[in-house]
Amino acid sequence: MQNLEQLELQFQAKIDAEIKIEPKDWMPEAYRKTLIRQISQHAHSEIVGMLPEGNWITRAPSLRRKAVLLAKVQDEGGHGLYLYSAAETLGIDRDTLINDLHSGKAKYSSIFNYPSLIWADMGAIGWLVDGAAIMNQVMLCRTSYGPYARAMVRICKEESFHQRQGYEIMLTLAQGSPEQKRMAQDALNRWWWPSLMMFGPPDSESTNSESSIKWKIKRMSNDELRQRFVDATVPQAELIGLKVPDKDLKWNEERGHYDFGALDWDEFWAVVKGNGPCNKERLEQRVKAYEDGAWVREAALAHAEKKKERAEKVGAVA
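First, a word on what this report is: a plain description of the structure on this page. All figures in this text were calculated on a predicted structure; none of them were measured in a lab.

### Observations regarding the pattern of salt bridges
Turning to step 1, where the next piece is worked out: Per the stated rule, a full pass over the model turns up 20 salt bridges.
Turning to step 2, where the next piece is worked out: Across the pair Lys72 and Asp130 runs a salt bridge whose closest N-O atoms are separated by 2.8 Å. Highlighted residues: Lys72 in helix H4 (residues 63-88) and Asp130 in helix H6 (residues 120-140), separated in sequence by 58 residues. Residues Lys72 and Asp130 agree in their burial class; the two are buried.
Turning to step 3, where the next piece is worked out: One salt bridge in this structure joins Lys280 and Glu284, with 2.5 Å as the shortest N-O distance. In this pair, Lys280 and Glu284 both sit in helix H12 (residues 279-292), four residues apart, roughly one turn of the helix.
Turning to step 4, where the next piece is worked out: The class for Lys280 is exposed, based on a relative accessible area of 61%.
Turning to step 5, where the next piece is worked out: Within this structure, Glu53, Lys72, Glu76 and Asp130 form a network of salt bridges that share partners.

Structural data, given as structure tokens:
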């Protein structure tokens, strides 16, 4: 029987050879726990992320905007289900994941604890928040855990649509009346810094990055992804006549990247710890929705049980 050290060496050799780890493969317990934490946090973020946008479905300025936003929110719900399913392959049940979210034990992306105050926020969320998500999620299509990587392929295709619709909203507002352009700029001002915080704490304070990169769960560090996002997004803002709210922002010819200002990490940690503008409201809404939907889950289980019984009876007769 192989000892633990040999198993770990063989596991790392598979990772280094770009061979996907599948649910029935041996894996270190720390790898499994890291994946459960990351995938469940990702799933929770998709589900909670429906709330700031769902708030605007009935107030969208046109039927077209309403239909597009409704489709986007529906996509986010689907992404959450893909990811919960991927997490379940690691031996944890969905009820535990949901309970951890509702109790506050599990985290979700800090960005969703900010309020969506005006219609332009729908544009900023699509352009910046989904844009930041894509920057991270494209890398996850190559993550070492097979079920997670396969789920991310479809999710990324849909997220690219979400980003385009958000940017199109911002473009339309920026080309509209002076008041509409001010709305777009206001949304950019409020969502820019929280979007940069989406990539997580700086590498020097990230406790999980080193092992996640070693196991190729992640392919790039938090700071590397944040820099890529800034480099890609600043020209997009300039193209539509909007100004990124950072007095320290400038192109660094020597580095080949934009230099940008320091983030308010005190604010980031306050939101992560539950003290953001909407933390309490978001969890209350999620718990209420879950409780209100109990009868649907019960009915679905009862139907599945009846269907199984009928199939067994048919099989017994045959």
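### Overview of the packing of H6 against helix H7 (residues 146-174)
Turning to step 1, where the next piece is worked out: Here H6 crosses H7 at 150 degrees, and the two axes come no closer than 7 Å. With respect to each other, H6 and H7 are oriented roughly antiparallel. Where H6 crosses over H7, the handedness of that crossing is left-handed.
Turning to step 2, where the next piece is worked out: Tallied by class, residues from the contact of H6 with H7 come to 16 nonpolar, nine polar and two charged.

### As for the nonpolar core
Turning to step 1, where the next piece is worked out: In terms of nonpolar packing, the biggest core is built from 75 residues, with Tyr31, Ile39, Tyr145, Met170, Trp191 and Trp192 touching the most fellow members.
Turning to step 2, where the next piece is worked out: Considering every element that reaches this core, the biggest residue donor is H6, with eleven residues.
Turning to step 3, where the next piece is worked out: Sequence-distant contacts of Trp192, that is, excluding residues within four places in its chain, are made with Leu128, Phe229, Val230, Thr233, Val234, Val244 and Pro245.

Calculation rules
Positions within a chain are numbered from 1, following the residues in the order the chain's sequence is written. Given that this is a predicted model, residues contribute local features only at a pLDDT of at least 70 and side-chain atom pairs are listed and counted only at 80 or more, while totals for whole chains, interfaces and linings are drawn from all residues. Side-chain calculation: all heavy atoms of the structure are included, whereas hydrogens and water are not. Salt bridge, as used here: a side-chain nitrogen of Lys or Arg that lies within 4 Å of a carboxyl oxygen of Asp or Glu. Helix and strand definitions here come from DSSP, where helices need a minimum of 4 consecutive H or I residues and strands a minimum of 2 consecutive E residues; each element is numbered from the N-terminal end. Only protein chains enter the accessibility calculation, which uses a 1.4 Å probe; a residue is then buried when its area is under 20% of its type maximum, exposed when over 50%, and partly exposed in between. Fitted lines through C-alpha atoms give the axes, limited to the stretch in contact for helices. The angle between two N-to-C directions lies from 0 to 180 degrees. For classification purposes, angles smaller than 35 degrees are called roughly parallel, those larger than 145 roughly antiparallel, those between 65 and 115 roughly perpendicular, and all remaining angles oblique. A clockwise turn of the near helix away from the far one marks a right-handed crossing, whereas an anticlockwise turn of less than a right angle marks a left-handed crossing. Charged residues are taken to be Asp, Glu, Lys and Arg, nonpolar residues to be Ala, Val, Leu, Ile, Met, Phe, Trp, Tyr, Cys and Pro, and polar residues to be all remaining types, Gly included. Among the buried residues, those of types Ala, Val, Leu, Ile, Met, Phe, Trp, Tyr and Cys that are joined through side-chain atoms within 4.5 Å form a nonpolar core. In what follows, residue pairs with any heavy atoms lying within 4.5 Å of each other are defined as contacts.

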